[in-house]
Amino acid sequence: MNLQVMMQQLAGGMLTTVQIFVLTLLFSLPLGLCISFGRMSGNIVLRGFAKLYISIMRGTPLMLQLLVVYFGPYYIFGIGITSAYRAYAVVIAFAINYAAYFAEIYRGGIESMPKGQYEAAKVLGYTKTQTFFKIIFPQVIKRILPSVTNEVITLVKDTSLAFSIAYAEMFTTAKAIAASQKSMVPFIAAAIFYYVFNFIVAALMEFWEKKMSYYS
Amino acid sequence: MKLLEMNHVKKSFDGNVVLKNISLSVEEGEVVSIIGPSGSGKSTLLRCATLLETMDDGDLYYLNEAAAVSEGGRSVYASGSKLKTIERQFGLVFQNFNLFPHYSVLKNITDAPIHVQKREKKEVIEEARVLLEKMGLSDRADYYPCQLSGGQQQRVSIARALAMNPKILFFDEPTSALDPELTGEILKVITDLAKEKMTMVIVTHEMNFAKEVSDRMIFMDKGVIVEETTPEELFASTNQRTREFLGKYHILNG
Ligand SMILES: Nc1ncnc2c1ncn2[C@@H]1O[C@H](COP(=O)(O)OP(=O)(O)OP(=O)(O)O)[C@@H](O)[C@H]1O
Ligand SMILES: [Mg+2]
C-alpha cells in the first residue's frame, strides 16, 4: 500500500469522525437543554428522573454505554444488528451521554441568572417563553461558553471510542492500517488530524466567545 | 379616577408578617411617595402592586379592574390572561435597573413595545428616540448598558418603562444604587415626569426630593402605614415614630 492509498483510507476515517462530532453536538445540545428543564422542573418525578439520568450517564464509562447501545437491541430484544446500525449506535450513545453533561452546564448557567432579569421581563409583559428565549437564554449561552468549549474539545477525542464497536472512524482506520502495513505513519497522521481538528474547534469557540464579549 | 386601589393587603414570608393590613389608593396624576425604615415592607408593597409577589390577603384593582380580590380571608387572583392585560397599566423602575445587558439601549426600550404590545416597529423606534432625547441620551442609543454610567442606565430603564405607555409608574429606590453625584439627574427626570402629570408611586430615602415632588406621602413602619398625608403635614408631624424616623434626616419642621 503506498502512501497515497493509505491517506485516502485515512481521509475516509477523518470524514466519519467529523460526522460523529457534528451529529453528536446537533442532538446532544438541544437534548441537554430539555434534560436541564427536567432537572429544574417543579415536578418531582420529572426532576428525579432527570437527576438519575444525569448521574448514570456521568457515572459510567462512555465506552460501556456505547457497547450497551450497540449490543443492547440484540442481547435484550433479539433484534439483529445491521451494519448501518453501527453508525446510529455511535451517535445515539454519544448524544445521550453528552446531553447529560450539557444539561448540567445549562442548569448552572440558567441558575446563575439574576432574578431581576426575570422580574424586569415580567413587568414588561413578556411571556414565559419570550423571557426564556429572548432574555435569559442568550445570556446563558455567553456564561456557559467556556464550559461548553471544554466539553466540545473532549468530544473530539472521545469520538475515537467508536473504535470499541469497530466503527470505521479515524482511530479505527488508523489502527487497522498500522497493523496491516506495520507502519507508524497512520498513527502519526491520526495524531496530527486530532490535533488540527481540536485546534480548529478551539479557535472557532474562541472566536464565538470574543463575539459575545460586546457586553458584560 | 382611581388608577390603583389596594385594600387590606397582608403578606408574610414564612411566618414573618411583612405587610399588615395595608390600604393604598392612587388617583390619576398623583405622585405618592413611600418612606420608612429598612425592612418596613416598602418594596414588598410595591412588588405586590406590580404582581411580582402574590398577596396573602387583600384586593388589588387597576382602573377598577380586579387583579385580585379578597375571598374568605385570602387573595384570589384573576386569570392569567386578565392579569396580562392589567400588567399593561403599570411600569416599574428597579433599584438596580435590571436592563437587559445583551440588548443595546435602543433595543432595551423598543423590544417589549414591538414584541409584547405588537406595535409598529417604526413608530416605536421614533417614540424611543424622543424618550431618549428627553432623558438626555440621544447619543447613546447604540451603546450597551455596560458602557453607561449608573445614572445613564437608570435613565434608560425609566425610558424603557415609559415606552410601554403605562398609566402608573412605580419606582423602588431609583437612586439607591447610584453614587451621590448621579442621584440628581434621576431625581430631575422624575420631577419632570411629575410636572407632566405622570402618575407615580415612589419608594425613596431622598427626603427633600420626596417633599418637593409628592402630592402625598406615606410613612411605613413594621408593615403598617403609620401616617399618610401631605409632605408639609408629614414633616410637621407630632407622631413619635414619624418624628423619630425623620429626625435621622434632620429635616423636621416645627
Ligand atoms: N422573598 C422574601 N423572602 C423572605 N423574606 C422577605 C422576602 N422579601 C422581603 N422579605 C422580608 O420582608 C421584610 C420587608 O422587606 P422589604 O424589602 O419590603 O423592606 P423595605 O421597606 O423595602 O426595606 P429597604 O428600605 O431596606 O429596601 C424584610 O424583613 C425582609 O427580610
Ligand atoms: Mg426596599
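Because the structure is a prediction, the values reported are computed rather than measured. (Residues numbered from 1 in each chain as written. Chains lettered and ligands numbered in written order. Predicted model: local features only at pLDDT ≥ 70, side-chain atom pairs only at ≥ 80, totals over all residues. Heavy atoms only, no water.)

Novice: Help me understand the sheet that holds strand E7 (residues 90–93) of chain B, please; the structure alone is not making it clear to me.
Specialist: Residues and elements named next belong to chain B. Judged by pairing direction, the sheet is mixed, and its 6 strands sit side by side in the order E7-E8-E9-E3-E10-E11 without closing on themselves. In the strand order of this sheet, the two ends are held by E7 and strand E11 (224–229), each with one partner. Each strand of the sheet is rotated relative to its neighbour by a mean of 15°, with strand direction disregarded. (Pairing = 2+ DSSP bridges. Helix = DSSP H or I, 4+ residues; strand = E, 2+ residues; numbered from the N terminus. Axes fitted to C-alpha atoms, helices over the stretch in contact; angles between N-to-C directions.)

Novice: Explain the site of ligand 1 here, please?
Specialist: Residue and element names in this part refer to chain B. Around ligand 1, a shell composed of Phe-13, Val-18, Pro-37, Ser-38, Gly-39, Ser-40, Gly-41, Lys-42, Ser-43, Thr-44, Glu-173 and His-205 is seen. Contact between ligand 1 and Gly-39: an oxygen atom at 2.8 Å from a main-chain N or O atom of the residue. For ligand 1, an oxygen atom lies 3.0 Å from a polar atom in the backbone of Gly-41. Within the complex, 61% of the 630 Å² of free accessible area of ligand 1 lies under protein. Per element, the largest residue contribution to the shell around ligand 1 is 3 residues, and it comes from helix H1 (residues 42–49). Looking at the shell around ligand 1, its residues break down into 3 nonpolar, 7 polar and 2 charged. (Near = heavy atom within 4 Å. Polar contact = N/O pair within 3.5 Å; in protein donor to acceptor, adjacent residues only side chain to side chain. Areas by Shrake-Rupley, 256 points an atom, 1.4 Å probe, with all protein chains shown as cover. Nonpolar A, V, L, I, M, F, W, Y, C, P; charged D, E, K, R; others polar.)

Novice: In this structure, what is going on with the interface of chain A and chain B? I would like to understand it.
Specialist: Note on interface size: it is often stated as the accessible area lost on association of the parts. Facing 20 residues of chain A, the contacting portion of chain B comprises 24 residues. Across the chain A to chain B interface the summed buried area is about 2100 Å²; carbon plus sulfur atoms make up 59%. Remark: the boundary between chain A and chain B carries 3 salt bridges. With a closest N to O distance of 2.7 Å, Arg-47 of chain B and Glu-119 of chain A form a salt bridge. (Contact = heavy atoms within 4.5 Å. Buried area = accessible area lost by both parts, 1.4 Å probe. Salt bridge = Lys/Arg side-chain N within 4 Å of Asp/Glu carboxyl O.)

Novice: Explain the environment of Ile-218 of chain B to me, please; I cannot follow it from the model alone.
Specialist: Residues and elements named next belong to chain B. Residue position: Ile-218 is located in strand E10 (residues 216–221). Ile-218 sits in the buried class, given a relative accessible area of 1%. Considered as a pair, Ile-218 and Gly-36 are 182 residues apart in the sequence and their alpha carbons are 8.2 Å apart. In this structure, Ile-218 is in contact with Leu-24, Val-32, Ser-33, Ile-34, Ile-35, Ile-225, Glu-227 and Glu-228, ignoring residues within four places of it in sequence. (Buried < 20%, exposed > 50% of the residue type's maximum accessible area, 1.4 Å probe, protein only.)

Novice: Would you take a moment to explain the pairing of strand E5 (residues 65–71) of chain B for this structure?
Specialist: Taken residue by residue, a regular strand's side chains alternate between the two faces of the sheet. All names here are of chain B. Pairing between strand E4 (residues 57–62) and E5: 3 bridges, direction antiparallel. Of the residues in E5, the one forming a bridge with Tyr-62 is Glu-65. The loop that links E4 with its antiparallel partner E5 comprises 2 residues; one of these, Leu-63, has a positive phi angle of about 45°. Summarising the sheet, E5 and strand E6 (residues 74–77) pair through 4 bridges and their orientation is antiparallel. Counterpart to Ser-70 in the pairing with E6 is Ser-75. The turn joining E5 and E6, which pair antiparallel and follow one another in sequence, is formed by 2 residues; a positive phi near 55° is taken by Gly-72.

Novice: For this particular structure, what's the right way to read the sheet that holds strand E1 (residues 2–13) of chain B?
Specialist: Each strand in a sheet pairs with its neighbour through backbone hydrogen bonds, running either in the same direction (parallel) or in the opposite one (antiparallel). All names here are of chain B. On the basis of which strands lie adjacent, the open sheet formed by 5 strands has the order E2-E1-E4-E5-E6 and antiparallel pairing. Edge strands, defined here as strands with exactly one partner in the open sheet, are strand E2 (16–27) and E6. Direction aside, the axes of adjacent strands within the sheet are offset by 20° on average. Across the sheet, helix H2 (residues 80–87) lies against E4, E5 and E6, angled at about 125° from E5, the strand it touches most.

Novice: What is the right way to read the packing of aromatic side chains from this model?
Specialist: Pairs of aromatic rings are described using the distance from one ring centre to the other and the angle between the two planes. Tallying each qualifying case throughout the model produces 24 aromatic pairs over all chains. For the ring pair Phe-132 of chain A and Phe-133 of chain A, a centre distance of 5.1 Å and an interplane angle of 90° mean the geometry is edge-to-face. Each residue in the set Phe-37, Tyr-106, Phe-132, Phe-133 and Phe-137 of chain A is aromatic and connected to the rest through ring pairs, giving one cluster. A cation over a ring is seen here: Lys-107 of chain B above Tyr-103 of chain B, with NZ or CZ 4.6 Å from the ring centre. (Phe/Tyr/Trp six-rings, centres within 6.5 Å; stacked < 30°, edge-to-face > 60°. Lys NZ or Arg CZ within 6 Å of the ring centre and 35° of its normal.)

Novice: So what exactly am I meant to see when it comes to the pattern of salt bridges here?
Specialist: Side chains bearing opposite charge may pair, as long as their charged atoms lie close to each other. With the rule as written, the count across this model stands at 23 salt bridges over all chains. Across the pair Arg-107 of chain A and Glu-111 of chain A runs a salt bridge whose closest N-O atoms are separated by 3.6 Å. Of this pair, Arg-107 of chain A and Glu-111 of chain A both sit in helix H4 (residues 83–111), 4 residues apart, which is roughly one turn of that helix. Salt-bridge contacts for Asp-111 of chain B lead to Lys-107 of chain B; the nearest nitrogen and oxygen are separated by 3.0 Å. Residue Asp-111 of chain B and its partner Lys-107 of chain B are located together in helix H3 (residues 105–115), separated by 4 residues, close to a single helical turn. Under the relative-accessibility criterion, Lys-107 of chain B is labelled partly exposed at 32%. Salt bridges linked by common partners bring Lys-115 and Glu-119 of chain A together with Arg-47 and Glu-53 of chain B together as one network.

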